[in-house]
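As a plain string of letters, each chain reads:
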Amino acid sequence: MNPLKALVVKEFKDLLREPQILLGIILAPVLMLGIMGGIFSATFSSVREAAAGRISLAVLDLDGDIYSSAFIDMLKSTNASIYTVSSRSIDEAIVEVASKNLKLLLVIPKGFSGNITSGVKAKLQVYSVIEGFSLSSTIPSSAIQAYIVSYEHTLVYGLLRRIAPSIDPSFVLDPIGLDEYTVLRGSVVKIPPAAIFQRLFGQSLMLPFSMFMVVVVAMQIAATSMAKEKEGKTLEVLLTLPVKRVYILMGKLAGSILIAIIGSISYLSGFAIYVGSFTLIPVEELAELDLPVESIKIMEIPIQGYIVIGILLILSLIAFLSIAIGLSALADDVRSAQSLLGLVFIPLVIPFIFSIFADANSLPIALRIVVYAIPLSYPILSINSIISGDYLTPSLGIVYLSIFTIIILYISAWFFRSEKILTAKIRFMRKAKVSDI
Amino acid sequence: MKAVEVSDLVKIYSDGTAALDGLTFTVEQSEIYGLIGPNGAGKTTTLRIIATLLKPTLGFVRVLGFNVVGQAEKVRRIISYLPEEAGVYGNLTGYEYLSFVAGLYARSEDEAKAMLDEALEISGLGSRIRDRVKSYSRGMLRRLQVARTLMVKPKLAILDEPTSGLDVYHAHYIRKCIRRYVDEYGLTVLISSHNMLEIEYLCDRVLLIHKGRGVDEGSPKSLKDRYASSNMEEVFLKAVGLI
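Residues numbered from 1 in each chain as written. Chains lettered and ligands numbered in written order. Predicted model: local features only at pLDDT ≥ 70, side-chain atom pairs only at ≥ 80, totals over all residues. Heavy atoms only, no water.

Caption draft 1: Local environment of the overall build of chain B. Helices and strands together make up the secondary structure of chain B, namely nine helices and 10 strands. In terms of overall dimensions, chain B is globule-like: its C-alpha atoms have a radius of gyration of 18 Å, near the 18 Å expected for 243 residues. Projected onto its principal axes, the C-alpha coordinates of chain B cover approximately 50 × 40 × 35 Å. Sorting the 243 residues of chain B into buried and exposed places 57% on the buried side. By sequence separation, contacts in chain B at least 24 residues apart represent 65% of the contacts at least 6 residues apart. Accessible surface, chain B: about 9,800 Å² in total, of which carbon and sulfur atoms supply 50%. The distance from the centre of the 32 positive side-chain charges to the centre of the 30 negative ones in chain B is 3 Å. (Helix = DSSP H or I, 4+ residues; strand = E, 2+ residues; numbered from the N terminus. Rg over C-alpha atoms; globule rule 2.2 N^0.38 Å. Buried < 20%, exposed > 50% of the residue type's maximum accessible area, 1.4 Å probe, protein only. Contact = heavy atoms within 4.5 Å. Areas by Shrake-Rupley, 256 points an atom, 1.4 Å probe, with all protein chains shown as cover. Lys, Arg positive; Asp, Glu negative; His and termini not counted. Charge placed at Lys NZ, Arg CZ, Asp CG, Glu CD.)

Okay, here's the thing in structure tokens:
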């Protein structure tokens, strides 16, 4: 068998069967995030259904006049289920409502109609019977507000027709309309930026997040793979086998990347379920927005953009994994290796945060240099560059990352060829054992 | 051509520990050569340098004419190394591990299969060879490692405490396997052991090492005669002036 292929297969099998990796990186993310997403999704959909569905409402009409009757008639004309309480005081009504297992009591106080007639702000009272604080306990009182607003509109329409028949009531209620446009690269699209963000959610958030995940997961796996060799005392034999030392490094890189891709697919699947569970605008409503697809296409990453981002990602992966493997070779066991790895996670997080929340080019020059000195900045920040038609930054990124990766690979290959791979370690004040000699 | 030439070997670790101090010896082809000495004498360092894991500070080592520093890759093609504490990837089965190693040495699938057949016989693991290595006892692991080392029929087998962790029955069986491989395939074996019985049983010649230097060399019988001793332990103690 090709030695490199044999090493990759060995790495893949050994890592994939590692309980920490199989459970922690491959199964747990999709299961945990999926379950959490499922719970959120079920809760949100029950909230939406409840909000849109039939509301059971108890009504205590202490006014008993024209406007309270009209309001109750309007409520009866909707799909709300109205229960008229027999009690004549609020305290008794609350007890009655609770005994009927109803959640909502609408009280129309005495003088309600009189106030409206005389142009004084009228009041309504709503009592919510709750058993605990949860999202669902807020639904009924929110729902009744919609009915009240609707009745208000009816009142205003009636009033305006009476006092100013020539004026369109809808104009008085909503005299200013708003058309939102987004201008990108000179093209004007009649869509608010938030809608575009939602539509392009995949590339604006999921893509940088998935790249971040692949790199972080792959680094953890690569570090585990190398530290396992030391902890399990397999490294000595491995280094004396008839394969080029650089193949051992490449085998670990390839094996880690393969497992990381599987792990990331699991994570992103779980993440997609999780995020999708509480998306503000449901998918069907988003479709109803009727966004002009052709116009949006200019904001989508073209195929050559994905190729450029892919090259940048692979170069970053090779560089970061080589660093992870080198670092973990200094540790005696998997746990120490993971601790050492924490050192390089911080520079990984910086470009990710900027890619989502800020524009790196608007930073002060010193900070910009720091951000662009970090290899993972390029694949993530290049997304925005490519969308805005700037291929210079990603191209410079490829050049910079190639040089960076070659230097890191050269150092790693030297490290693997030298005896340091076996002897170098962070000793934490521990002296060498005599038996090691 | 000598199987192994070690000349004026000095090894000083980066922390300043001097492990070897001018060690010199040669091993003939198809010979079983033993290194004996107390902990810290430099045996493991010597074996690791010959196995291309460590680099000498001074001096040189050649394996069948190949320099272990400049021609390390060529050396690795003709050696097989068994460290004292050799682990195996716990998530692989014994068979998968042996297949992985055979695949790296063999030039054809038939050759790899022949290696695996040999290894199955040496290890004596039977159907357990298909189990994950993490379920193996220490003795089973050692037998798997000895099988891995010998199955590739290296020109030079470097064995550091080959029967460590084995019971009497399996230790005896492994020694017989090593002897058979030397007799049948002409292997050269360089062995380090604390087990003097093993050294006497296996070795054609022995080097006594103390504080990184060779103290004396010869066949077990000639050494016992020279020091008028009944066993190799006494030989060593007399050679270093402790009794």
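Caption draft 2: The arrangement of the pattern of salt bridges in detail. Summed over the entire model, instances satisfying the criterion amount to 29 salt bridges over all chains. Across the salt bridge formed by lysine 10 of chain A and glutamate 11 of chain A, the nearest N and O atoms sit 3.0 Å from each other. You can call lysine 10 of chain A buried: its relative accessible area is 3%. Between arginine 179 of chain B and aspartate 204 of chain B there is a salt bridge whose closest N-O contact spans 3.8 Å. Taken together, the positions of arginine 179 of chain B in helix α6 (residues 168–185) and aspartate 204 of chain B in the loop between α7 (196–202) and β9 (205–210) put the pair 25 residues apart, joining distant regions of the chain. Residue classification places aspartate 204 of chain B among the partly exposed residues on the basis of a relative accessible area of 29%. Look at the salt bridges and you will find they share partners, linking Lys10, Glu11, Glu229 and Lys252 of chain A into a network. (Salt bridge = Lys/Arg side-chain N within 4 Å of Asp/Glu carboxyl O.)

Caption draft 3: View of unusual backbone geometry. Residue and element names in this part refer to chain B. The backbone of leucine 64 shows a phi angle near 45°, a positive value even though the residue is not glycine. Positive phi, close to 50°, is recorded for alanine 228, a residue that is not glycine. Tracing the sequence through the fold places alanine 228 in the loop between α8 (220–226) and α9 (232–239). Since its relative accessible area comes to 61%, alanine 228 is described here as exposed.

Caption draft 4: Expanded view of the interface of chain A and chain B. The partner chain B presents 42 residues to the 35 residues of chain A that form the contact. Applying the counting rule to chain A against chain B returns five salt bridges. Inspection of the chain A/chain B interface yields 15 residue pairs in polar contact (both at pLDDT 80 or more). Those elements giving two or more residues to the side of chain A that touches chain B turn out to be α1 (3–16), α9 (201–231), α10 (235–240) and α19 (420–423) of chain A. Counting residues per element, the side of chain A that touches chain B draws most heavily on α1 of chain A, which supplies six residues. Taken together, the residues that form the side of chain A that touches chain B break down as 15 nonpolar, five polar and 15 charged. (Polar contact = N/O pair within 3.5 Å; in protein donor to acceptor, adjacent residues only side chain to side chain. Nonpolar A, V, L, I, M, F, W, Y, C, P; charged D, E, K, R; others polar.)

Caption draft 5: Molecular detail of the nonpolar core. If you look at the biggest cluster of nonpolar residues, it comprises 160 residues, and the most contacted ones within it are Met219 of chain A together with Phe25, Ile50 and Phe100 of chain B. A total of 16 residues in this core trace back to one element, the largest contributor, which is α9 of chain A. Leave out the neighbours within four places in its chain, and phenylalanine 25 of chain B touches Val4, Glu5, Val6, Tyr33, Leu35, Thr46, Ile50, Leu190, Leu207 and Glu217 of chain B. In this structure, Val59, Tyr67, Leu104 and Phe112 of chain A belong to the second largest nonpolar core, which totals 17 residues. (Core = buried A, V, L, I, M, F, W, Y, C linked by side-chain atoms within 4.5 Å.)

Caption draft 6: The pairing of strand β1 (residues 56–61) of chain A, seen in detail. Residues and elements named next belong to chain A. Counting buried residues along β1, five of its six residues qualify, which places the element largely inside the surrounding structure. With four bridges joining them, β1 and strand β2 (residues 81–84) adopt parallel strand pairing. If you follow leucine 57 over to β2, its bridge partner there is isoleucine 82. Since β1 and β2 lie parallel, the crossover through helix α3 (residues 66–77) that links them has a hand, and here it is right-handed. Pairing analysis gives four bridges linking β1 to strand β3 (residues 104–108), with the strands arranged parallel. Residue pairing for β3: leucine 60 is matched across the bridge by valine 107. (Pairing = 2+ DSSP bridges. Right-handed = clockwise from strand over helix to strand, strands pointing away.)

Caption draft 7: A nonpolar patch on the surface, seen in detail. Nonpolar side chains collect at one region of the surface, where Leu22, Leu23, Leu27, Leu31, Ile35 and Ile39 of chain A lie side by side and expose about 550 Å² of accessible area between them. Position of isoleucine 39 of chain A relative to the elements: it lies in helix α2 (residues 19–52). (Patch = residues over 30% accessible without salt bridge, like charges linked within 9 Å, V, L, I, M, F, W, Y side chains within 5 Å.)

Caption draft 8: Main features of the packing of helix α3 (residues 94–105) of chain B against helix α4 (residues 109–123) of chain B. Residue and element names in this part refer to chain B. Where α3 meets α4, the axes come as close as 9 Å, and the angle between the chain directions of the two elements is 140°. With respect to their mutual orientation, α3 and α4 come out oblique. For the crossing formed where α3 meets α4, the hand is right-handed. Between α3 and α4, the residues in contact are Tyr95, Leu98, Ser99, Ala102 and Tyr105 and Ala112, Met115, Leu116, Ala119 and Leu120, respectively. In terms of residue class, the contact of α3 with α4 is made up of nine nonpolar, one polar and no charged. (Axes fitted to C-alpha atoms, helices over the stretch in contact; angles between N-to-C directions. Parallel < 35°, antiparallel > 145°, perpendicular 65-115°, else oblique. Left-handed = near helix turned anticlockwise from the far one by under 90°.)

Caption draft 9: Region of interest: the confidence of the model for chain B. Model confidence for chain B is summarised by a mean pLDDT of 94, while 100% of its residues fall at 70 or above. In the model output, the complex is listed with pTM 0.77 alongside ipTM 0.95. (pLDDT = per-residue confidence, 0-100.)

Caption draft 10: Just the confidence of the model for chain A, in detail. Residue and element names in this part refer to chain A. Taken residue by residue, chain A gives an average pLDDT of 82. The fraction at 70 or more is 84%. Element-level mean pLDDT values for chain A span from 49 in helix α12 (residues 283–288) up to 95 in α10. This model gives residues 280–284 a pLDDT under 50, and the stretch forms four contacts once residues within four places in sequence are excluded. Under a pLDDT of 50 for its full length, residues 428–437 has, in the predicted model, 14 contacts with residues more than four places off or in other chains.

Caption draft 11: Examining the sheet that holds strand β6 (residues 79–82) of chain B more closely. All names here are of chain B. Taken in spatial order, the six strands make up an open sheet running β6-β7-β8-β3-β9-β10, and their pairing is mixed. With partners counted over all chains shown, the strands left at the sheet margins are β6 and β10 (213–218), one partner each. With direction set aside, neighbouring strand axes in the sheet form an average angle of 15°. When strand β3 (residues 32–36) meets strand β8 (residues 188–192), the two strands line up parallel, connected through four bridges. Following the sheet pairing, glycine 34 is matched in β8 by isoleucine 191. Where α9 meets the sheet, its contacts fall on β3, β9 and β10, and the angle it forms with β9 comes to roughly 45°.

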